[in-house]
Amino acid sequence: MHKKYTITSKNNIQTTLRGRDVLSTVVLNKGVAFTREEREALGLKGLLPPAVLSIEQQAKRAYSQFCSQHDDIGKNIYLTSLQDRNEVLFFRLLSEHLSEMLPIIYTPIVGTSIKTYSHGYRRPHGIYLSIDDPDGIEEAFQNFGAGPDDIDLIVATDGEGILGIGDWGVGGINISIGKLSVYTVAAGIDPRRVIPVILDVGTNQERLLNDPLYIGNRHSRIRGKRYEEFIDRYVQTATKMFPNAILHWEDLASGNARQILKKYRHQICTFNDDIQGTGAISLAAVLSVAKASKTPLRDQRIVVFGAGTAGIGIAEQVRDAMIRDGLSKEEANRRFWCVDRPGLLLDNMVDLRDFQKEFARPASEVSDWQREGHGIGLGEVVRQVHPTILIGTSTVSGAFTEEIVKEMAAHVDRPAILPLSNPTHLSEAKPADLIEWTDGRALIATGSPFDPVTYKNTTYYIGQANNALVFPGLGLGTIVSQAKLMTDRMFAAASEAVASTVDVSQPGAAVLPDVEDLRSVSATVAVKVVEAAIADGVARRKPDDMIQAVQDAMWQPVYPNVEAVKDPLP
Ligand SMILES: NC(=O)c1ccc[n+]([C@@H]2O[C@H](COP(=O)([O-])OP(=O)(O)OC[C@H]3O[C@@H](n4cnc5c(N)ncnc54)[C@H](O)[C@@H]3O)[C@@H](O)[C@H]2O)c1
Ligand SMILES: O=C(O)C[C@H](O)C(=O)O
Ligand SMILES: [Mg+2]
């Protein structure tokens, strides 16, 4: 198969295509920004209105079209359509209006787009792999048309654990697409060198199975051996065809997320964003909290509400940082109290999941704690433990009640409260309430974006503890160092890099950097990740000047020259 275009350098693409094929190829299309010379050479005469606009003018027009949409889903549809016809302009617009547009293409509105995927469907984007045709995986990737050196990153989900909204089957592809857009806008990952993937293994949502317009596989989720074989087939095929690509896993259910990570993390360059990305951003927040509250990390008492993929992922990374801070593993584990559906996790519970076990508390220690039914609830845990940090990864909206928060705040000067559940309506608490209930003493970071809160003449900025502050830089650092594996040290380096960008000394300051600064934060993270990859011996490339190597690797939303060539390209 001959390629229709070749990216010959950062600012140049050669193509054999002409006329309407040029306009309908997203990598080539510039709309009315094609110069007169390009129009001439590419056979575009008469196919475009006569004026030539600059990308600045196009972005201005697109922004006003965006603003004229009536609601957030309308804005999401507008941006998605733009992305599908003119990628450079899409990313230009996004980078010029980051805080305003990120919530539209990513959390929280990406959740709405996933729920309405089949009904809102307009055109395909990415790769749809089906468990009913595992032999078709290779052909699907071939049809995508990329060569072995053309792909840096693949994001895949099976759609079972989308944000906190659960199983949405094939619609999950939009989280893969959303994450990849964040990679590009934050860390300059080249959008032409990535693939979003849905691993369609069915859905258990009756609503989807009984919807005549549902466009995913119409059967229940396949589990067990067939699931594992399908995943393995995907991993083997993707790594064989694209040997340099990072495999990013997103929004799987907790059991599968854990198993897959365990199986592949020491074999190939892969990570799970909900476990490790979330762990890293939360550790960054916790490091800032330790600074702001002037309480060393190892002295923090941490209650985690919702001990699933994210909750235990966070506990593991913060625990490992406590070990680096001088505690033994045993001592560090004892700084955590994890609460899930059955209440506080205790070592005598029979149905603990493997990954929860090391954080379970000795049952003997709580014999006189008050029980609700069988278990010990969050309120009692807070009363007994006097936590310094309370983390929410439960998907239980409003779980951090006034009573619980006031009880926590009665015993610590700067209670740190991190309601991390997404999307917005599932947040365990609203920042404005937390500030009022603690009279402005709370240190807050949330999973979804929240506006600043003004209370008694101070404006409080709410850090967004979303893995979006970590995975882009992590990916960039991994690409720049051509790391063979993604090691614990690379994640720890990412956390420290994010925390290093924050100044918590001012009243009302956020504990995490502003999303507006996503690009510089991601570059800072990437440099530290390259250093860590080299230190761990997994880097296949060791740039002398890491800062410059990271800058050079970042794609910019600027149109390349599109050159018309005759001969088919190799
Ligand atoms: N901010 C971020 O970067 C980030 C990253 C990952 C996940 N999250 C959010 O965290 C939430 C959880 O995601 P996950 O992937 O860990 O899901 P998960 O299903 O693996 O974990 C959720 C856990 O909460 C528990 N839970 C549910 N109801 C509960 C209740 N009433 N009381 C106590 N525990 C309860 C579940 O049993 C489960 O163990 C989601 O809303 C997700 O959006 C945020
Ligand atoms: O996607 C996000 O916004 C963060 C996280 O990966 C989640 O699943 O909630
Ligand atoms: Mg996720």
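Residues numbered from 1 in each chain as written. Chains lettered and ligands numbered in written order. Predicted model: local features only at pLDDT ≥ 70, side-chain atom pairs only at ≥ 80, totals over all residues. Heavy atoms only, no water.

Identification of the protein chain as Malate dehydrogenase (Oxaloacetate-decarboxylating) from Scopulibacillus daqui is taken from an unreviewed UniProt entry. Annotation of the protein chain in UniProt includes, under Cofactor (unreviewed entry), the sentence "Mn(2+)". In the Sequence similarities (unreviewed entry) part of its UniProt record, the protein chain is described as follows: "Belongs to the malic enzymes family." (UniProt positions renumbered as here; feature names shortened; annotations may be inferred.)

Enquirer: How should I be thinking about the overall build of the protein chain in this particular structure?
Expert: Along its length, the protein chain carries 23 helices and 17 strands. Taken over the C-alpha trace, the protein chain has a radius of gyration of 24 Å; the compact-globule value for 570 residues is 25 Å, and the two agree within 12%. Each principal axis of the C-alpha distribution contributes one length, and for the protein chain these read about 80 × 55 × 55 Å. For the protein chain, buried positions account for 59% of its 570 residues. Pairs at least 24 residues apart make up 71% of the contacts formed inside the protein chain by residues separated by at least 6 positions. When the accessible area of the protein chain is evaluated, it comes to approximately 23500 Å², of which 49% is carbon and sulfur surface. Counting 60 positive and 70 negative side-chain charges, the protein chain places the centres of these two groups 3 Å from one another. (Helix = DSSP H or I, 4+ residues; strand = E, 2+ residues; numbered from the N terminus. Rg over C-alpha atoms; globule rule 2.2 N^0.38 Å. Buried < 20%, exposed > 50% of the residue type's maximum accessible area, 1.4 Å probe, protein only. Contact = heavy atoms within 4.5 Å. Areas by Shrake-Rupley, 256 points an atom, 1.4 Å probe, with all protein chains shown as cover. Lys, Arg positive; Asp, Glu negative; His and termini not counted. Charge placed at Lys NZ, Arg CZ, Asp CG, Glu CD.)

Enquirer: How should the site of ligand 2 be read in this particular structure?
Expert: Close to ligand 2 lie Y106, T107, L163, K179, E250, D251, D273, D274, N422, N466 and N467, which account for all nearby residues. Within the side chain of E250, a nitrogen or oxygen atom sits 2.9 Å from an oxygen atom of ligand 2. Taken by itself ligand 2 offers 260 Å² of open surface, and the protein chains cover 90% of this. Class assignment for the residues of the shell around ligand 2 results in two nonpolar, four polar and five charged. (Near = heavy atom within 4 Å. Polar contact = N/O pair within 3.5 Å; in protein donor to acceptor, adjacent residues only side chain to side chain. Nonpolar A, V, L, I, M, F, W, Y, C, P; charged D, E, K, R; others polar.)

Enquirer: I keep staring at the site of ligand 1 and nothing clicks. Help me out?
Expert: Inspection of the region around ligand 1 gives 25 residues, with T309, A310, D340, R353 and A465 positioned closest. When the free accessible area of ligand 1 is taken as 850 Å², the share hidden by the protein chains comes to 85%. At the level of elements, α14 (273–293) and α15 (309–324) are the ones that each hand at least two residues to the shell around ligand 1. In terms of residue class, the shell around ligand 1 is made up of seven nonpolar, 14 polar and four charged.

Enquirer: Is there a simple way to explain the coordination of the magnesium ion (ligand 3) in this structure?
Expert: Angles between donor atoms at a metal ideally measure 109.5 degrees for a four-coordinate tetrahedral arrangement and either 90 or 180 degrees for a six-coordinate octahedral one. Binding of the magnesium ion (ligand 3) to the protein goes through E250 (OE), D251 (OD) and D274 (OD), at separations of 2.0 to 2.1 Å. Sequence spacing of the donors to the magnesium ion (ligand 3): E-D-x22-D. One end of the pair, E250, is in the loop between β6 (246–249) and α13 (254–264); the other, D274, is in helix α14, and 24 residues separate them in sequence. Note on E250: relative accessible area 1%, which makes it buried. Looking at D274, the relative accessible area reads 15%, which means it is buried. (Donors = N, O, S within 2.8 Å, 3.2 Å for Na, K, Ca; no water.)

Enquirer: Quick question: what am I supposed to make of the UniProt feature "domain: Malic enzyme N-terminal" (unreviewed entry) in the protein chain here?
Expert: As annotated in UniProt, the feature "domain: Malic enzyme N-terminal" (unreviewed entry) corresponds to residues 83–265 in the numbering used here. In residues 83–265, helix accounts for 48% and strand for 11%; the two terminal C-alpha atoms are 32 Å from one another.

Enquirer: Sorry, what's going on with the UniProt feature "domain: Malic enzyme NAD-binding" (unreviewed entry) in the protein chain here?
Expert: UniProt records the feature "domain: Malic enzyme NAD-binding" (unreviewed entry) for residues 275–534 in the present numbering. The distance separating the terminal C-alpha atoms of residues 275–534 is 23 Å; by composition the span is 40% helix and 12% strand.

Enquirer: Where do I start with the sheet that holds strand β10 (residues 343–344) in this structure?
Expert: One key point about sheets: their strands pair by backbone hydrogen bonds, in either a parallel or an antiparallel sense. Judged by pairing direction, the sheet is mixed, and its seven strands sit side by side in the order β10-β9-β8-β11-β12-β13-β16 without closing on themselves. Every other strand in the sheet has two partners, leaving β10 and β16 (463–464) as the edge strands with one partner each. Bridge analysis of strand β13 (residues 443–446) against β16 gives two bridges, and the strand direction is parallel. Its bridge partner being in β16, T446 is matched across the sheet by Q464. (Pairing = 2+ DSSP bridges.)

Enquirer: In this structure, what is going on with the confidence of the model for the protein chain? I would like to understand it.
Expert: Residue-level pLDDT values for the protein chain average 97, and 99% of them are 70 or greater. Reported for the predicted complex are a pTM of 0.97 and an ipTM of 0.98. (pLDDT = per-residue confidence, 0-100.)

Enquirer: Explain the pattern of salt bridges here, please?
Expert: Once the charged atoms of two side chains with opposite charge are near each other, the side chains can pair. Counted under the stated rule, the structure contains 29 salt bridges. A salt bridge links E250 to K179; the nearest nitrogen and oxygen atoms lie 3.4 Å apart. Highlighted residues: E250 in the loop between β6 and α13 and K179 in helix α10 (residues 173–187), separated in sequence by 71 residues. Exposure class is identical for E250 and K179. Each is buried. (Salt bridge = Lys/Arg side-chain N within 4 Å of Asp/Glu carboxyl O.)

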